[in-house]
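Understanding the architecture of this molecule
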Amino acid sequence: MAETKAIGVIGGGQMGSGIAQIAAVGGIDVWLHDSDAQALSRARSSISGSLQRLVSKGHLSQEVGSDAMQRLRFTSSLEDFRSVDVIIEAIVESEDVKKKVFSQLDRIAKSSAILASNTSSISITRLASATKRPQQVIGMHFMNPVPTMKLVEIIRGADTSDGTFVAVKALAERLRKTVICSQDYPGFIINRILMPMINEAFFTLYTGVATKEDIDVGMKLGTNQPMGPLELADFIGLDVCLSIMKVLHAGLGDSKYAPCPLLVQYVDAGRLGKKRGIGVYTYHKVTEPRL
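Residues numbered from 1 in each chain as written. Predicted model: local features only at pLDDT ≥ 70, side-chain atom pairs only at ≥ 80, totals over all residues. Heavy atoms only, no water.

1. Digging into the environment of aspartate 162
The line we're drawing: Numbering of helices and strands runs from the N terminus; a helix is a DSSP stretch of H or I covering at least four residues, while a strand is a stretch of E covering at least two. Relative accessible area decides the class of each residue, using a 1.4 Å probe on protein chains only: under 20% of the type maximum gives buried, over 50% gives exposed, and in between gives partly exposed.
Of note, aspartate 162 is situated in helix 6 (residues 162-174). By relative accessible area, which is 54% here, aspartate 162 ends up exposed. Measuring from C-alpha to C-alpha, the distance between aspartate 162 and glutamine 136 comes to 9.4 Å, with 26 residues separating the pair along the chain.

2. Structural notes on helix 4 (residues 95-108)
For an α-helix, the turn length of 3.6 residues means that residues three or four places apart are oriented alike. The following threshold applies: To estimate how far a helix should reach, multiply one less than its number of residues by 1.5 Å. An arc is given here, and it is the one of the directions from the helix axis to the C-beta atoms. Contacts: residue pairs with any heavy atoms within 4.5 Å of one another.
The terminal C-alpha atoms of helix 4 lie 20 Å apart, and with 14 residues this matches the ideal 20 Å at 1.5 Å per residue to within 8%. For helix 4, the complete set of buried residues consists of Lys98, Val101, Phe102, Leu105, Asp106 and Ile108. Buried residues of helix 4 fall within an arc of 165° about the axis and therefore sit on the same side. Projecting away from the buried face of helix 4 at angles above 90 degrees are the exposed residues Asp96, Lys100 and Arg107. At its buried positions, helix 4 is contacted by strand 1 (6-10), strand 4 (86-89), strand 5 (114-117), helix 5 (124-128) and strand 6 (137-142).

3. Let's talk about the side chain of arginine 133
To keep it simple, the criterion reads: For this analysis, a polar contact is any N or O atom pair within 3.5 Å, provided that within protein one partner can donate a hydrogen and the other can accept it, and provided that sequence-adjacent residues contribute only side-chain to side-chain pairs.
Here arginine 133 shows up in the loop between helix 5 and strand 6. Given a relative accessible area of 6%, arginine 133 falls into the buried group. In this structure the side chain of arginine 133 is engaged in a polar contact, spanning 2.7 Å, whose partner is the side chain of aspartate 106. Look past the residues within four positions of arginine 133 in its chain and what remains in contact with it is Leu105, Asp106, Ala109, Lys110, Ser111, Ala113 and Leu115.

4. Here we look at the layout of surface pockets
The following threshold applies: Using a grid of 1 Å spacing that covers the protein atoms alone, one calls a set of points a cavity when a 1.4 Å probe fits there but cannot get out, and a pocket when the set is open and has protein on both sides within 12 Å along at least five of seven lines; lining residues are those with an atom within 4 Å of a point. Grid points are joined across faces, edges and corners, and a volume is the space filled by probe spheres set on the points. In the scheme used here, Gly and all other residues not listed as nonpolar or charged are polar, with Ala, Val, Leu, Ile, Met, Phe, Trp, Tyr, Cys and Pro taken as nonpolar and Asp, Glu, Lys and Arg as charged.
The space that makes up the second largest pocket amounts to roughly 540 Å³. In this structure, the second largest pocket is lined by 24 residues; those nearest its centre are Asn144, Met149, Leu194, Leu232 and Ile236. Put simply, the parts of the chain that give the lining of the second largest pocket at least two residues each are strand 6, helix 7 (190-206), helix 9 (229-236) and helix 10 (238-252). When residues of the lining of the second largest pocket are assigned to their parent elements, the largest contribution, five residues, is made by helix 7. Grouping the amino acids of the lining of the second largest pocket by side-chain chemistry returns 17 nonpolar, five polar and two charged.

5. Observations concerning the pattern of salt bridges
The line we're drawing: A pair is scored as a salt bridge if a Lys or Arg side-chain nitrogen falls within 4 Å of a carboxyl oxygen belonging to Asp or Glu.
Under the criterion given, the structure shown has 14 salt bridges. Notably, a salt bridge pairs arginine 82 with glutamate 79, separated by 2.5 Å at the nearest N-O pair. With a relative accessible area of 44%, arginine 82 lands in the partly exposed category. For glutamate 79, a relative accessible area of 40% corresponds to the partly exposed category. Ionic pairing is found between aspartate 162 and arginine 156, a salt bridge with its closest N-O pair at 2.7 Å. Note on arginine 156: relative accessible area 26%, which makes it partly exposed. Here the salt bridges do not stand alone but share partners, grouping Asp29, Asp67 and Arg71 into one network.

6. Points about the sheet that holds strand 3 (residues 72-75)
For clarity, the cut-off: The rule for pairing is simple: two strands pair if DSSP sees at least two bridges between them. Axes here refer to lines fitted to C-alpha atoms; in helices the fit is confined to the stretch in contact. Angles between the N-to-C directions go from 0 to 180 degrees.
The strand order 3-2-1-4-5-6-7-8 describes an open sheet built from eight strands, whose pairing is mixed. Whereas interior strands pair on both sides, the edge strands pair on one side only; in this sheet they are strand 3 and strand 8 (178-182). Averaged over all pairs of adjacent strands, the angle between their axes in this sheet comes to 25°, without regard to strand direction. For strand 5 and strand 6, the ladder comprises three bridges, and the chain directions are parallel. Across the sheet, residue alanine 116 finds its bridge partner in strand 6, namely isoleucine 138.

7. Considering the environment of valine 240
Structurally, valine 240 is set in helix 10. Separated by 16 residues in sequence, valine 240 and lysine 256 have C-alpha atoms that sit 18 Å apart.

8. Thoughts on the UniProt feature "binding site: CoA" (unreviewed entry) in the chain
Operational definition: UniProt positions are given in the numbering used here, feature names are shortened, and annotations may be inferred rather than shown by experiment.
Here the UniProt-annotated "binding site: CoA" (unreviewed entry) positions come out as Ser50, Lys57 and Ser120. Across 71 residues in sequence, these annotated residues place their C-alpha atoms as far as 31.0 Å from one another, rather than forming a single compact spot. In the annotated set above, the residues contributing to the lining of the second largest pocket are Ser120. Inspection of the secondary structure assignment puts lysine 57 in the loop between helix 2 (37-56) and helix 3 (62-71). Along the polypeptide, serine 120 turns up in the loop between strand 5 and helix 5. What makes serine 120 buried here is its relative accessible area of 7%. In this structure, serine 120 is in contact with Glu93, His141, Gly187, Phe188, Asn191 and Ile244, ignoring residues within four places of it in sequence.

Written out as structure tokens, the structure is:
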């Protein structure tokens, strides 16, 4: 497959904006889609501000930063994706919602286009089943925050072709990411390991073993992690953590993956983490929800 010249990104939230930003910096023309006009406006401001900070810190030249903004187009219509080479979906972590989007994309995108999902846990094979091009569907899981995290986890579905894999791996490396490859099993690599640890941290808090502060400090200093598991859960979003635990529990059928009742309760109460101003911890600044 020829080098990727243009991509479409679906979802103007933190992940979608980050993916669009690094692609534009990488010299790729980008269409960023969201059905919510306000989300698109926030995405434009967020990307512009991020690029300006990188320029002010000397991480990007003014020319590269300005050129990146010129490569970005913001749209509320998926019809604008007709000519792009790769489409990366970065919306809510719901299989039903993603399948509907993939079915739409299959009808709109050119026949050679690759459809990628930034899902952190949902089966690529099942998402591909919503299309007539399963050989061109793949998982491309970026880490958050996208501009600074170096990893991309690539997941092949049951029918993903070698050509699709090679093209997406080349795209990720062009974006200066390190690539790891996972088979299409629940949680893939990262969340298969990470989410049970976060869930166990909730159980440790739930059963009164220790305070949230001592759990996080213990894991940071005792295992050399930059962020404790409860703080990390707040950063990711407790609703996202719960969704992934449900995927693991349903997909692997082992009780060890059952979500902690405290995690469920926090999500039921709307305590979704940093994006809502309250989760395990309380935050002064309420940020926009992650899409």
